[in-house]
Structure formats: C-alpha cells, structure tokens
Amino acid sequence: MPAGPRRSIASEFVATAKAMAAATAKATAKATATGEGKHVTTETLEFQSEARQLLQLMIHSIYSNKDIFLRELVSNASDALDKVRLEAFRDKELDADTDDPHIEISTDAEQRTLTVRDNGIGMTRDEVVSLIGTIAKSGTAELLRELKESKDAELIGQFGVGFYASFMVADKVTLVSRRAGTGEGVRWESTGEGTYTVEPADDVSQGTAVTLHLKPVDTEDRLFDYTDPAKLREIVKRYSDFITWPIRMAGESEPETVNSMKALWARPKNEVTEAEYHEFYKHVSHDWADPLETIRLQAEGTFEYQALLFIPSQPPFDLFVRERKRGVQLYVKRVFIMDDCEALVPEYLRFVKGVVDAQDLSLNVSREILQQDRQIQLIRRRLVKKVLSSVKTMLADNADGYPKFWEAFGGVVKEGLLVDQENREAILEICSFGTTRDPDEQVTLRRYAERMKDGQQHIYYLTGESRTAIENSPHMEAFRDRGFEVLVLTDPIDEMWVDTVTEFDGRRFQSIAKGQVDLDPEESTEREQQREDFAPLLGWLTTALADDVKEVRLSSRLTTSPACVVGDTHDVSPTLEKMYRASGQELPRIKRILELNPNHPLVTGLRTAHAERDDKAGLAETAELLYGMALLAEGGDLADPGRFVKLVATRLERTL
Ligand code: ADP
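Keep in mind it's a predicted model, so treat the numbers as computed, not measured.

About the thresholds
- Residues numbered from 1 in each chain as written.
- Predicted model: local features only at pLDDT ≥ 70, side-chain atom pairs only at ≥ 80, totals over all residues.
- Heavy atoms only, no water.
- Helix = DSSP H or I, 4+ residues; strand = E, 2+ residues; numbered from the N terminus.
- Buried < 20%, exposed > 50% of the residue type's maximum accessible area, 1.4 Å probe, protein only.
- Contact = heavy atoms within 4.5 Å.
- Pairing = 2+ DSSP bridges.
- Axes fitted to C-alpha atoms, helices over the stretch in contact; angles between N-to-C directions.
- Domains from an automatic or database assignment.
- Near = heavy atom within 4 Å.
- Polar contact = N/O pair within 3.5 Å; in protein donor to acceptor, adjacent residues only side chain to side chain.
- Areas by Shrake-Rupley, 256 points an atom, 1.4 Å probe, with all protein chains shown as cover.
- Nonpolar A, V, L, I, M, F, W, Y, C, P; charged D, E, K, R; others polar.
- Salt bridge = Lys/Arg side-chain N within 4 Å of Asp/Glu carboxyl O.
- Phe/Tyr/Trp six-rings, centres within 6.5 Å; stacked < 30°, edge-to-face > 60°.
- Lys NZ or Arg CZ within 6 Å of the ring centre and 35° of its normal.

1. Thoughts on the side chain of His-278
Part 1 of the argument: Within the secondary structure layout, His-278 lies in helix H7 (residues 274-285).
Part 2 of the argument: His-278 gets classed as buried once you look at its relative accessible area, which sits at 12%.
Part 3 of the argument: Sequence-distant contacts of His-278, defined by excluding residues within four places in its chain, comprise Asp-290, Pro-291 and Thr-294.

Right, here's the structure in full:
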C-alpha cells in the first residue's frame, strides 16, 4: 500500500512516543546511611513529563469512579502471574516460584493502608524505573492536551491509566518487587508529586506488592473506606471476578478466595452477564469504557477453540500508529501465551480486542510459528468473517451502534478493501459514505443502490480533499442536474481503494472526474454535429496546450462552467498525486484531459474566433486561461500562478 498523509500522521505519533521514552528520569542519587552503618543507595528520580501531568490528574481525582484503582492493580497482578507461568514453562532453568500463584489483598485499618500483592514475574530496578516512571504509550501528549481543553474528565478512561489510578485514593504509594530468577529486590515510593525514590531492598519475596497509604474517607467524593473488607470484596466481585488466579483476602482466620476464577470465554454463553463481559473487556483492553459490541465464537470437534472478542466504543489514541499493538491475546488451554497476537487478526481489524483460547496448540508456540500455523490461519479466517458479520448485524438492527462504529473505525476497516480480496464484498456491505444528497447523512452502498434514479447505471463518486471542494467541482454539474447522487469521498484511504475495487453487487464504481461520461446516450445526433463543428478548435487546442494536457475534448459533464479537467480511467487522481508527492515519492508528471462545455458562450466564442481570426497567439492565451480556470474550479493548483494573474490583469485592463 502506498504511503499517504495517514502515514505521515502516524510517523509523527511514533516520533512523539520515542521522544517520550527517551526522556527518562534524571537521576539525583544520594547515599543514605542507615543505622548499622550499612549504605543503601536511595535515588530520587523525576517522573517523565507526561507521567507527571497524568499523575496530577489522578491526585486531583478528575475521574469520578475511584473504586476502579483496585481493578487496575489486580489486572496488573494477574498479568504478572500469567507471565511467570509462561516464562517458567519456557525456561526450565529459571529459578521461579510457581507453586501457589495468587493475588493477596490485605489491609491495616489503623495505618490506613491497603496492599495488593502477587507472586508473579516481578520487576527489576530498571524495569520499575522504565515501566512505572514513564508512559510509553503513544498519543499521551495529545490526550493530555485534549483533556485540558475539553475538561472532560471521563476522557481519561479511554486511555486506561493503570497503576497511576492508585493516586486517586492514596497520597503515597510504595511498591516492593523482586523479579523471578533474580536475587535482589527493589523498593519504589512516591507521593505522585514530581519525583519518586528507588532503592535496593532485602528479603523481598518474588513478585510485587503495592501498598497504598490511603487518603481520608470522603464518601461525597466517592472515596470510600478501602480498608473495609466488605467494600473490597464487593469491588473485586464486581470488577475482577473472572480473573483466573485466586484473589485472596486476609480474613479473620483463613484467607478466603473472593473471585470465582472462571474464564468467561469457557462458560456457557447464557450464564455470563453483560456486566461480566464488560469488566473482562476492560481487563484485556485497558479501556475504562464499556465495549460497543461483544462477540463470542466457539468451535468444537477435532479442532477446538473459543474466542471472546470486543469492539471498543471509541478509537484508541494510537489507532494509526504503525507500531501499535493489536488487541487479541492468545491462550492455549486457559494458559496465557501472548498479548497482541498479530497472526489472529488482520491489520484492518486491529481495533478488535479480546481472547482466543485454542486447545490443540503447543504451549511453546512462537510468533513465527503462529504465522505459518494452519489452525491459526483457519481461526483467523473465521474471526474476520464473524467480526464483519457482527457489524452487519449492528447495521441491520438499526440502533445507534453502527454509526458509532463507523465513525470510530470506518477509516481502518476501509484498509481491508485493499488487502482482503476474500472478504471484499462483506467489507463493502458494512461501509458507509457521505453523498451529495444530505451532508449529514452517511449511506451504505446497498442503500445508495436502492435509491438510484432511473437511468443511472453506475455508482458515481468523486474523491477530493473536502466536501466543499467536491461539491463545488465543475464535474458535479450534469450529475446534479439529473439528480444523480454522488458519493463524496474525502478520506485519504478512499483515494486508494477506489483504484482497486471495481464494483459492488454488480454495479461499477465510476469516478465523475475520470474517463468519458455518457449520461444521455440517446442524444447522439446533436452531439455528433457538435463534434464536427468543434473538431478544428479541439485539434488546435490540443497542440497549443500540449505541455499541460494530453487532450482537449467536448464534455457532457458541464452545464454552467466553461471547462473542467478530467483524468483517464486509470489515472492517479490529483489528490492521490499530491499524497504521493507529500510522502516523498517521485512521480512522472500526470497530464490530464481538458473538457469544454460546447454550450458555454466562452467556448462557442472561442470556436468562432479560432475560425475567423489569425491572431492565434492571443487565442492561445485565452486557452491557457480556460485551462487555469478549470484547475482552480476543482480546487487544484496552478503551475504558474504569477503568469495566470498577469494574463487575467491584461484582459481586465482591456475591458475598462
Ligand atoms: P499497563 O498495565 O496499562 O501497561 P500500568 O501503568 O498499570 O500500565 O503498568 C505499567 C507496566 O508495569 C505494566 O505493563 C507491567 O509491565 C508493569 N507492572 C505493573 N504492575 C506490575 C506487577 N504487579 N507485576 C509486574 N509488572 C507490573
């Protein structure tokens, strides 16, 4: 696929992300002497600037539902347990403890602390600094800017703040961790105000413990008593019930497991509530909003798998970042294998989140093997069809789901038209476009076809940079006159797919700015006469304007304008040409065709003048002006604006 503006936006995002990652904390290390004369190096480091801003938002609690901090901590702990199991399985040498993987929640009402502990993978000192001290998510800077402007606190939820959510309920957070297989632990602490400390820690058990020093209870601000076991149990049940590792609460006597631990995708469909699906979605996607659509898929028999997929309700910030991750996780027999399994979903469905659990794969599969694996390819084919058909159902249900979907992900789905031959028709079925009929309406191609006027054969479209440019384009005249609806295609990706996709449901896509347009084939005698009358002028003009156009001919597209410029059927459109050049690609100059309106006084006058006058130099200038006007009318650029203005000025002088 050729590069376009979309890609340059993408590379900008990527550049921002890299700059952010590079701007890691500046260290001001100082040695602190402890009681026994033993020296522990405590370093005070600065949060990266985006992290600092995000923390400020958390400290000042812009998000109303504070309970979810616990969901975020449990979610991280669960991921850490997944990771250690997998790593220990793959690396038999790794000295990891995997005997009793679990998450433990404990409280101290007197000290007003709450601790979430896991015996998962843990983090090294450097990991703590890079993972907790910085945000490597692309789009963060944009998000923060948007938040400041819109003051819409809930926007933050789209981003999924994770660990930092702790600062909504705590004024100090301590994290102690030891990575599996390493000897030394690390202790991290911060009030969230600009800096944090890290220091080595002894006698740390494998995994991570996060201790929150809780803010005073303030129920009006939805800041509840998070040392109250009943409250914590309620939160865990609500948000984290499906976590497949035991979440234990230190009770009066025995620790008790609070969650049911059932993998949602393995439970019978009708036993799972919508709320449970939604919480699971938030766990896998790190989104704080509910999904737009939940999709379940089960295959039984020799080759068994389950899938639980979601379509988010909003696009993520990095939808167009090239290196962004895709959202489907792979499990094998309930064991987490990998995030971001690109073998399972094509690029153009990269917004889909969820889980696929396959029964017959080896736990040792690598990304490379997966790409080749026949079972995975079959799963992928079914997932794609299922997602597309789910969207089609949304469309048929006529609710507000589909328009939201299209608004959020339409631009990405259209990429599929370029790469997925097999599902092209299914993709076209769920596309919708703006048209000339009503600027506020988006129509599907099926709807467009149903309301085509008598005598209209093709699906007409015009691509361009904006609706205004398209609507004012002279190419539109005859179509408007006849009441033919024209698709208004302004998305850069539209420029590309229209070159690849030729028809929908047996009807051809026809650009109104390309090729010959024959709206009234029956009027041919009158036109034959015109062609004859204009032949000398057209022949002469084709030579006179040979530097700029490859042909001058009569038009049946125009009613009020004197001229327009059109492309050959297979020519690159002017917008696409601009996109190529903007992305640094060399292109040979593309000459287009000048079409004249045989009923316009300027054109008939030119014909008479050409037949009667000898001053062909003056006429050539008129021809040049005509061509320039046609370019301007479609929103194009003149090769030499200075010369054009001079010619116009001279003509105007003569009229005074
Ligand atoms: P996210 O979970 O959205 O990536 P977080 O800020 O919650 O963002 O966490 C950042 C990273 O820190 C995680 O991706 C993970 O690598 C690491 N991390 C957080 N909590 C833990 C934990 N309990 N155990 C191990 N690693 C963790």
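So that's the structure; there's more coming.
2. Notes on the sheet that holds strand S14 (residues 335-338)
Part 1 of the argument: Spatially, S11-S12-S15-S13-S14 is the arrangement adopted by the five strands of the open sheet, whose pairing is mixed. Every interior strand has two partners, whereas the edge strands, strand S11 (293-299) and S14, have only one. Across the sheet, the mean angle separating the axes of adjacent strands is 20° when strand polarity is ignored.
Part 2 of the argument: As defined by bridge partners, strand S13 (residues 327-332) adjoins S14 across three bridges and the pair is classed as antiparallel. In the strand pairing of S14, Tyr-331 is matched with Phe-336.
Part 3 of the argument: In this fold helix H3 (residues 68-90) packs onto S13 and S14, with an angle of close to 80° to the strand it touches most, S14.

3. Focus: the domain arrangement of the protein chain
Part 1 of the argument: Domain annotation for the protein chain reports domain 1 (9-30 + 48-250), domain 2 (264-401), domain 3 (431-511) and domain 4 (525-655).
Part 2 of the argument: Computed over C-alpha atoms only, the centres of domain 2 and domain 4 are separated by 54 Å.

4. With respect to the site of the ligand
Part 1 of the argument: In the vicinity of the ligand, 13 residues are found, and the nearest of them are Asn-76, Ala-80, Asp-118, Phe-163 and His-286.
Part 2 of the argument: The separation between a nitrogen atom of the ligand and a polar side-chain atom of Thr-208 is 3.3 Å.
Part 3 of the argument: In isolation the ligand has 520 Å² of accessible area, and contact with the protein removes 81% of it.
Part 4 of the argument: Those elements that provide at least two residues to the shell around the ligand are H3 and helix H4 (125-133).
Part 5 of the argument: Considering every element that reaches the shell around the ligand, the biggest residue donor is H3, with three residues.
Part 6 of the argument: Taken together, the residues that form the shell around the ligand break down as six nonpolar, four polar and three charged.

5. Structural notes on the pattern of salt bridges
Part 1 of the argument: A full pass over the atoms with the stated rule returns 49 salt bridges.
Part 2 of the argument: Linking Arg-607 and Asp-533 is a salt bridge whose minimum nitrogen-to-oxygen distance equals 4.0 Å. Residue Arg-607 is located in helix H19 (residues 601-612), and its partner Asp-533 is located in helix H17 (residues 524-544); the two are separated by 74 residues in the primary sequence.
Part 3 of the argument: With a relative accessible area of 28%, Arg-607 lands in the partly exposed category.
Part 4 of the argument: Ionic pairing is found between Asp-548 and Arg-589, a salt bridge with its closest N-O pair at 3.5 Å. Separated by 41 residues along the polypeptide, Asp-548 in the loop between H17 and strand S22 (549-554) and Arg-589 in the loop between helix H18 (574-582) and strand S24 (592-596) bring together distant segments of the chain.
Part 5 of the argument: Several salt bridges share partner residues, and in doing so they unite Arg-71, Glu-72, Glu-279, Lys-282 and Asp-290 into one network.

6. What to know about the packing of aromatic side chains
The description of an aromatic ring pair rests on the distance of the ring centres and on the angle between the ring planes.
Part 1 of the argument: Under the defined criterion, the tally for this structure stands at 23 aromatic pairs.
Part 2 of the argument: Ring geometry for Phe-303 and Tyr-305: centres 5.6 Å apart, planes at 55°, overall tilted. By the burial criterion, Phe-303 is buried, and Tyr-305 matches it.
Part 3 of the argument: With centroids separated by 6.4 Å and ring planes inclined at 35°, the aromatic side chains of Tyr-402 and Phe-405 adopt a geometry described as tilted. Here Tyr-402 pairs with Phe-405, and both are found in helix H10 (residues 401-413), just three residues apart, close to one helical turn. Each member of the pair, Tyr-402 together with Phe-405, is buried.
Part 4 of the argument: Three or more aromatic residues link up through ring pairs in this structure, and these residues are Phe-242, Trp-265, Phe-280, Tyr-281, Phe-310, Tyr-331 and Phe-336.
Part 5 of the argument: Its end group placed over the ring of Tyr-239, Arg-71 keeps NZ or CZ at 5.7 Å from the ring centre.
Part 6 of the argument: Here Lys-231 stacks its cationic end above the ring of Phe-224, 4.2 Å away from the centre of that ring.

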